[in-house]
Amino acid sequence: EQPETGRLALYLLGLRATCPPPEPSPQRSLVTWLKYYLEEDWAGTRRHGHPLTSYYQYGLGVLALCVHHKRVREEVIRRLLAAEHHGRFGHAGGSAVGKGPWGPAGRWHPGWAAWDTSGVTLYGMRRRMVEAQGSDGFFGNIYSTPWAMQVFIATNTCQTQPAYGRAMAALLENLDAFTTAATMAQALPVLHGRSYLDITSMHCREEPDMLTPISPEPLSEMLGNMTVRLVVECPEPWCPRHQLYDQLVPVPASASLLDVLRTAAAQGPHNFTFDTQDTPQGPFLSRVLGLEARQHKRSYWQLLTAPSTSLHMGVADYRPHDGETVILRLSEW
């Protein structure tokens, strides 16, 4: 089993942000488990040359320990600084953002770098993120962008970096992409000008409970049907044949991409199959036509709309339009 480094780190960050009552026993136990996961995670470098999960999850675990005012061994810090110095946060696509395996759209998140007090390391990380910013203003994609923006917030460079302003404008124009509680939580800190580091300096005090549940308005049902072209691609050396599937799939006009996949699996005789894995951000596409996205092989199923535009949403959130071609492509990160 993979260490639960990132998931436990996020839970501990959220726990600290809620100002829990002074009953340290359960919290101390979770911190101990996180320390254990960090060591187990790093043991993967002996076989793979990188943590079993990812450098992001490993760094997020270190950040969680720091926010909880726990001492971190210098060796742990040196691991991350050395990885950054040697450019190990970049992946096959050459970008350090938007290429990883964690989350419903397969994303690597750079937010961990905010904890680092090394000016040289931070400067290098900011420079590479600016270089990686797309013409749409995103760092990687819309979901990885809020984490990348936290680096500028944590280093007080929001006003001096035009890239931050472009990213904020793109984020504000696409807030409708954050449809789940988990993805909303990704964007909220940045929209309030905060980073995860601000949790450290919080002053917990009694405040009125203003969290009133809101019933979201139901999505308007679109009448009629539509047809979506579904294509599955697998490059060499994984597959001898590049295109594995290419069929038209008739679905209701309001269908999500997940609905398209389910319909394709139900219609014969083309034998389309797929599997998903539940995550806090929604279902993650883990297997298509028997081919599994494997973390130790650094592969994931990339979602695109033809000819090669990456989707900014997961399979349950994206709603294709009539006549659109959606591509599922086994890719490296």
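Per chain, the residues get numbers from 1 upward, laid out in the order the sequence is written. Residue-level local features of this predicted model are given only where pLDDT is at least 70; pairs of side-chain atoms are given and counted only at 80 or more, and the full residue set underlies all totals for whole chains, interfaces and linings. Where side-chain values are given, they derive from all heavy atoms of the structure, hydrogens and water being excluded.

With an unreviewed UniProt entry as reference, the chain is termed Transcobalamin-2, source organism Steatornis caripensis. Quoted verbatim from the Subunit (unreviewed entry) field of UniProt, the annotation for the chain is "Interacts with CD320 (via LDL-receptor class A domains)." UniProt positions are given in the numbering used here, feature names are shortened, and annotations may be inferred rather than shown by experiment. Entered under Sequence similarities (unreviewed entry) in the UniProt record, the comment concerning the chain runs "Belongs to the eukaryotic cobalamin transport proteins family."

Engineer: When you look at the state of the cysteines in this model, what are you seeing that I'm missing?
Structural biologist: By convention in this document, the label disulfide applies to cysteine sulfur atom pairs within 2.5 Å. A full pass over the atoms with the stated rule returns one disulfide. Between the sulfur of C234 and that of C239 lies a disulfide, 1.9 Å long from S to S. On the S-S bond that ties C234 to C239, the torsion sits near 80°, and the link is right-handed. Both residues of the pair, C234 and C239, belong to the buried class. Any residue under 20% of the maximum accessible area for its type is buried, any over 50% is exposed, and the rest in between are partly exposed; the area is computed with a 1.4 Å probe on protein chains only.

Engineer: Is there a simple way to think about the side chain of H68 in this case?
Structural biologist: Within the secondary structure, H68 is located in the loop between α4 (55-67) and α5 (74-85). Judged by relative accessible area, which is 7%, H68 ranks as buried. Pairs of residues are marked as contacts when any of their non-hydrogen atoms sit within 4.5 Å. The residues touching H68, leaving out its near neighbours within four places in the chain, are L12, L13, R16 and Q27. For the purposes of this entry, the term helix denotes a DSSP run of H or I that reaches at least four residues, the term strand denotes a run of E that reaches at least two, and both are numbered from the N terminus.

Engineer: What's the story with the nonpolar core in this structure? I'm lost.
Structural biologist: The nonpolar side chains of a soluble globular protein tend to be buried with one another. To form a nonpolar core, buried Ala, Val, Leu, Ile, Met, Phe, Trp, Tyr and Cys residues must be joined to one another through side-chain atoms within 4.5 Å. Ranked by internal contacts, the top residues of the largest apolar core, which has 50 residues, are L257, L261, F272, L285 and L328. Where a domain begins and ends is set by an automatic assignment or by a domain database. When we break this core down by domain, the ones giving at least three residues each are domain 2 (117-204) and domain 3 (225-332). Residues in contact with L257, not counting those within four places in the same chain, are L303, L311, V315, Y318, P320 and V326. Within the second largest apolar cluster, 26 residues are counted, among which are Y37, V62, A64 and W147.

Engineer: Which parts of the structure should I look at to understand the pairing of strand β8 (residues 325-332)?
Structural biologist: Consecutive residues of a regular strand have side chains that alternate between opposite faces of the sheet. Judged by how many residues are buried, β8 sits mostly within the fold: six of eight residues are covered. Any two strands between which DSSP finds at least two bridges are classified as paired. Here strand β1 (residues 225-233) pairs with β8 via five bridges, running parallel. Note that in β8 the partner of V232 across the bridge is L328. Where strand β6 (residues 299-305) lies against β8, seven bridges are found, and the strand directions are antiparallel. What sits directly across from T305, in β8, is V326.

Engineer: Looking at this structure, how should I read the UniProt feature "binding site: cyanocob(III)alamin" (unreviewed entry) in the chain?
Structural biologist: Within this numbering scheme, the UniProt entry marks T53, S54, Y55, Y56, Q57, N141, Q186, W301, Q302, L303, L311 and W333 as carrying the feature "binding site: cyanocob(III)alamin" (unreviewed entry). Summarising the element assignment, Q57 is placed in helix α4. Within the structure, Q57 has its side chain in polar contact with the backbone nitrogen of G6 (distance 3.0 Å). N141 sits in the buried class, given a relative accessible area of 7%. Polar contacts involving the side chain of N141 include one to the main-chain amide nitrogen of Y143, which spans 2.9 Å. Here a polar contact means two N or O atoms within 3.5 Å. Within protein one must be a hydrogen donor candidate and the other an acceptor candidate, and residues neighboring in sequence count only if both atoms are side-chain atoms.

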